[in-house]
Number of protein chains: 2
Amino acid sequence: MRIGELAARTEVSVRSLRYYEEQGLLASTRSASGQRHYTEYEVERVRFIQRLYAAGLSSRTIAELLPCVDSPSEENSDAALERMAQERDRLSDHIADLIRTRDALDDAMAGNRRHRATLRAAG
Amino acid sequence: MRIGELAARTEVSVRSLRYYEEQGLLASTRSASGQRHYTEYEVERVRFIQRLYAAGLSSRTIAELLPCVDSPSEENSDAALERMAQERDRLSDHIADLIRTRDALDDAMAGNRRHRATLRAAG
DNA sequence: CTAGAACCTCACATGGATGTCAGAGGCAAA
DNA sequence: TTTGCCTCTGACATCCATGTGAGGTTCTAG
């Protein structure tokens with residue numbers, strides 16, 4: 001498929017897909033005229049890249065991790081694996097933090113609801 | 001306390017503290033000479049602001065929500081409360097997404113470890 | 001009183017992912 | 001073959017939290 005279709009199917013802009021390629025995150029084969037072509041495989045790959053971006057990883061970091069994810073068959077250096085473990089832990093900490101933040105929002109909302117109930121009862 | 005101490009205690013730069021004030025997120029009293037002064041209360045407030053930033057909220061959104069959090073006593077409009085509920089849900093979705101991403105990283109790491117074990121056994 | 005640290009405002013810089021535009025070429029349907 | 005949409009590269013624009021530096025004032029310790 002061409003880039004427009006991949007963009008439509010992943011809901012990622014054409015601009016971003018080209019950027020991913022530039023950053024070494026996404027590969028494409030080129031037709032004789034230079035147009036990019038992709039397979040089904042790239043649909044999932046783009047979605048995964050998006051997940052990693054959403055997890056706060058930079059292009060640079062993603063580029064370091066993707067080879068590991070792609071092929072456990074390669075000589076993925078200890079360093080790369082350690083890097084992955086490190087990002088994994090960072091992410092886990094971040095999740096815990098977000099859960100606390102969500103709890104704080106829940107508390108605030110509960111406080112407001114209680115107050116409203118009080119107002120209604122009094123008013 | 002003055003801005004430097006607040007910065008040290010919250011591990012947020014002086015620059016950012018001034019920015020928060022500019023965005024209406026943080027209040028300060030000014031001494032006669034114009035220096036900002038803060039109380040213990042602001043320490044927690046800054047930490048909370050940081051949590052919200054980390055949760056992906058923009059200054060604008062935080063500014064909309066903070067009054068609600070501050071005082072359930074005010075006439076926090078239905079709109080503001082709805083906004084908070086909406087951000088809360090967005091955050092919750094985001095957390096679920098991050099957990100899936102963490103799982104994916106765990107899978108990748110497990111795959112690598114298995115592969116290594118195989119290599120060791122064979123080599 | 002003085003030196004040095006901390007503070008003030010203003011303003012420009014930065015980084016990273018993405019938007020947008022221009023100019024040119026590719027491809028498919030009428 | 002023409003019309004219209006898709007794609008290409010390249011470059012500049014944008015957003016937003018934060019960094020940074022200049023030029024000046026304030027505070028505090030010696």
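Scroll up to find the structure this text is about.
Thresholds, definitions, all that
- Residues numbered from 1 in each chain as written.
- Chains lettered and ligands numbered in written order.
- Predicted model: local features only at pLDDT ≥ 70, side-chain atom pairs only at ≥ 80, totals over all residues.
- Near = placed C-beta within 6 Å.
- Helix = DSSP H or I, 4+ residues; strand = E, 2+ residues; numbered from the N terminus.
- Nonpolar A, V, L, I, M, F, W, Y, C, P; charged D, E, K, R; others polar.
- Axes fitted to C-alpha atoms, helices over the stretch in contact; angles between N-to-C directions.
- Parallel < 35°, antiparallel > 145°, perpendicular 65-115°, else oblique.
- Left-handed = near helix turned anticlockwise from the far one by under 90°.
- Least-squares fit on C-alpha atoms with pLDDT ≥ 70 in both.
- Contact = placed C-beta atoms within 7 Å.

Trainee: So what exactly am I meant to see when it comes to the protein's contact with DNA strand C here?
Mentor: Close to DNA strand C lie 19 residues, the nearest being Ser13 and Ser33 of chain A together with Arg2, Gly4 and Arg36 of chain B. Those elements giving two or more residues to the surface near DNA strand C turn out to be helix H2 (14-22) of chain A together with helix H1 (3-10) and helix H2 (14-22) of chain B. Of the residues belonging to the surface near DNA strand C, the class tally is 4 nonpolar, 10 polar and 5 charged.

Trainee: Would you mind showing me how to read the packing of helix H5 (residues 78-122) of chain A against helix H5 (residues 78-122) of chain B here?
Mentor: Two packed helices can be described by the angle between their axes and the distance between those axes. Running from amino to carboxyl end, H5 of chain A crosses H5 of chain B at an angle of 160 degrees, the nearest separation of the two axes being 9 Å. Accordingly, the angle class assigned to the pair H5 of chain A and H5 of chain B is roughly antiparallel. By crossing handedness, the relation of H5 of chain A to H5 of chain B is classed as left-handed. Looking at the contact of H5 of chain A with H5 of chain B residue by residue, the classes come out as 20 nonpolar, 8 polar and 8 charged.

Trainee: Where do I start with the relation of the copies chain B and chain A in this structure?
Mentor: The transform that puts chain B on chain A rotates by 180 degrees and translates by 0.0 Å along the axis, for an RMSD of 0.1 Å. In short, the pair behaves as if placed about a two-fold rotation axis. Of the C-alpha atoms belonging to chain B, the one lying closest to the rotation axis is found on isoleucine 95 of chain B, 3.1 Å away.

Trainee: I keep staring at the protein's contact with DNA strand D and nothing clicks. Help me out?
Mentor: As a matter of local geometry, DNA strand D sits amid 19 residues, with Arg2, Gly4 and Arg36 of chain A together with Ser13 and Ser33 of chain B nearest to it. Looking at the surface near DNA strand D, the elements with two or more residues in it are helix H1 (3-10) and H2 of chain A together with H2 of chain B. The residue inventory of the surface near DNA strand D, partitioned by class, reads 4 nonpolar, 10 polar and 5 charged.

Trainee: In this structure, what is going on with the interface of chain B and chain A? I would like to understand it.
Mentor: Think of interface size as the accessible area that goes away when the parts come together; that is how it is often given. If you look at the interface, chain B gives 31 residues, while chain A gives 31 residues. Residue assignment for the side of chain B that touches chain A shows that the elements contributing at least two residues are helix H3 (40-54), helix H4 (59-70) and H5 of chain B. Here the element with the most residues in the side of chain B that touches chain A is H5 of chain B; it accounts for 22 residues. For the side of chain B that touches chain A, the per-class residue count stands at 17 nonpolar, 8 polar and 6 charged.

Trainee: It is not clear to me how the packing of H4 of chain B against H5 of chain B should be interpreted in this structure. Could you clarify?
Mentor: Residue and element names in this part refer to chain B. It is at 9 Å that the axes of H4 and H5 come closest, and there the two elements cross at 115 degrees. When you trace H4 past H5, the crossing you get is left-handed. The residues of H5 that touch H4, namely those facing Thr61, Glu64, Leu65 and Cys68, are Ala80, Leu81, Arg83, Met84 and Glu87.

Trainee: What exactly am I supposed to notice about the environment of glutamate 87 of chain A here?
Mentor: Here glutamate 87 of chain A is to be found in helix H5. Measuring from C-alpha to C-alpha, the distance between glutamate 87 of chain A and tyrosine 19 of chain A comes to 22 Å, with 68 residues separating the pair along the chain. Once residues lying within four places of it in the same chain are set aside, the contact partners of glutamate 87 of chain A are Leu57, Thr61 and Leu65 of chain A together with Leu105 of chain B.

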